[in-house]
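Descriptive structure summary
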Amino acid sequence: MAPPVVNLGGVTLDLGGGLYNVSAPLVFPPLVGNFKIIQGTLRASGDFPPGRFLIEVGTFNCTSVGHQGTCNQAVTVANMYLDGSHKAAGGVNIRTTMGATIGPSVFVVGFHDTGIRVDGGHETVIVESWVGDYFWTNFPPQGYSSIGIELNGPDNVLTNVVVFVHTKIGVIVGWSARGASTAQYAGCNMLEGVHVWNGGPTQVGFQIDGNRNRLSNCSIDRWLLNLTEPTGITVTDSLFLNTQAVWNLGAHVHFRNNMYFVMPGPQKFSETSIQLSGNVSKAGVSDVVVEDEMHLGELGGVQMTTSRQTVEVNNAKSCQFNFTDALVFPWVDEVYCTA
């Protein structure tokens, strides 16, 4: 352990497959590391404090260790079922920690704030876990605002994870949910193999506020992908099912090899692969590449940053082409013509 973090030697809190009703969080203080919480169920009782998580590691007020800004290290939460009973704020809150692992086989339900939340620190890995506020057999109350997973820090990895109905927002990368400036660093995160599903067309699957983040091999099922002034974002090899990406100004944004499928029926979003929001100007966009995208189904189409059209004419003095539905942006930078 980086001093002065105390190495607990791999001590394990093994719940032995039991179910425990708890009236207060399971709290692990700052400046300890190398410990595990495994093998059991925690369920919030009726008098559980509404602003707390079932498991809390570290603190917001820790005097950080060195330039990495971390006060806990090598923490594992695995093989756990966490039920907030709609009393607890969430399942797990990791704060100012480096090297935390959540999963495999962590299932979080019944929260009113965030299922799994990472605040600060570095390199938390969330793997093979399932998160959902309400089960698909239940209907949430009007005005619910829960978040599945929230990454408020850099260098985290989210892989092979499912966020299911009903949760208002699937995954947030950045501090926007906390009312903080997006300038607070939440970059260099990797989201791979994440499936957000069936929240309905007004819900958000991914809200990406930080810069230099990557999405790969994700499945976005009826939830939107929102990018807030993206810089250094790649979205590759992902499926958009009955949904689209929404973003405004952008720099160094690359979309490649994504698939879009819109099924027949009433839709509450534009039947385009990318929807621009706000006032988008040419001056606010640079190095944006959208290419090799695929569209399946009967409705809509894909928009890219390059397009090709052909026309067959005889003895014509002029030809007209309309790229309105084919291009992401409402302007053309370059034109190449061959005859």
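Use the structure listed above.
Scope of this entry: the structure provided in the associated data block.

Cut-offs and rules
Residues numbered from 1 in each chain as written. Predicted model: local features only at pLDDT ≥ 70, side-chain atom pairs only at ≥ 80, totals over all residues. Heavy atoms only, no water. Pairing = 2+ DSSP bridges. Helix = DSSP H or I, 4+ residues; strand = E, 2+ residues; numbered from the N terminus. Axes fitted to C-alpha atoms, helices over the stretch in contact; angles between N-to-C directions. Polar contact = N/O pair within 3.5 Å; in protein donor to acceptor, adjacent residues only side chain to side chain. Contact = heavy atoms within 4.5 Å. Core = buried A, V, L, I, M, F, W, Y, C linked by side-chain atoms within 4.5 Å. Buried < 20%, exposed > 50% of the residue type's maximum accessible area, 1.4 Å probe, protein only.

In spatial order, the strands read 2-4-6-9-11-13-15-18-21-24; together these 10 strands make up an open sheet with parallel pairing. Only two strands of the sheet have a single partner each, and these edge strands are strand 2 (26-28) and strand 24 (274-276). Averaged over all pairs of adjacent strands, the angle between strand axes in this sheet comes to 10°, irrespective of strand direction. Here strand 6 (residues 90-95) runs beside strand 9 (residues 114-119); their pairing, made up of five bridges, is parallel. Its bridge partner lying in strand 9, V92 is registered against I116.

Bringing the side chain of N226 into the picture now. The topology assignment puts N226 in strand 18 (residues 224-227). Side-chain polar atoms of N226 contact the side chain of Q207, separated by 3.4 Å. Ignoring anything within four residues of it in the chain, the contact list for N226 reads V204, F206, Q207, I208 and V246.

Our focus in this paragraph is the nonpolar core. Counting residues in each nonpolar core, the largest one holds 64 residues, and the members touching the most others are I149, V171, F206, L225, W247 and F255. Examining the composition of this core, we find that five residues originate from one element, strand 3 (residues 32-44), more than from any other. Other than its neighbours up to four places away in sequence, L225 contacts F206, I208, L215, I220, V235, F240, Q244, A245, V246 and F255.

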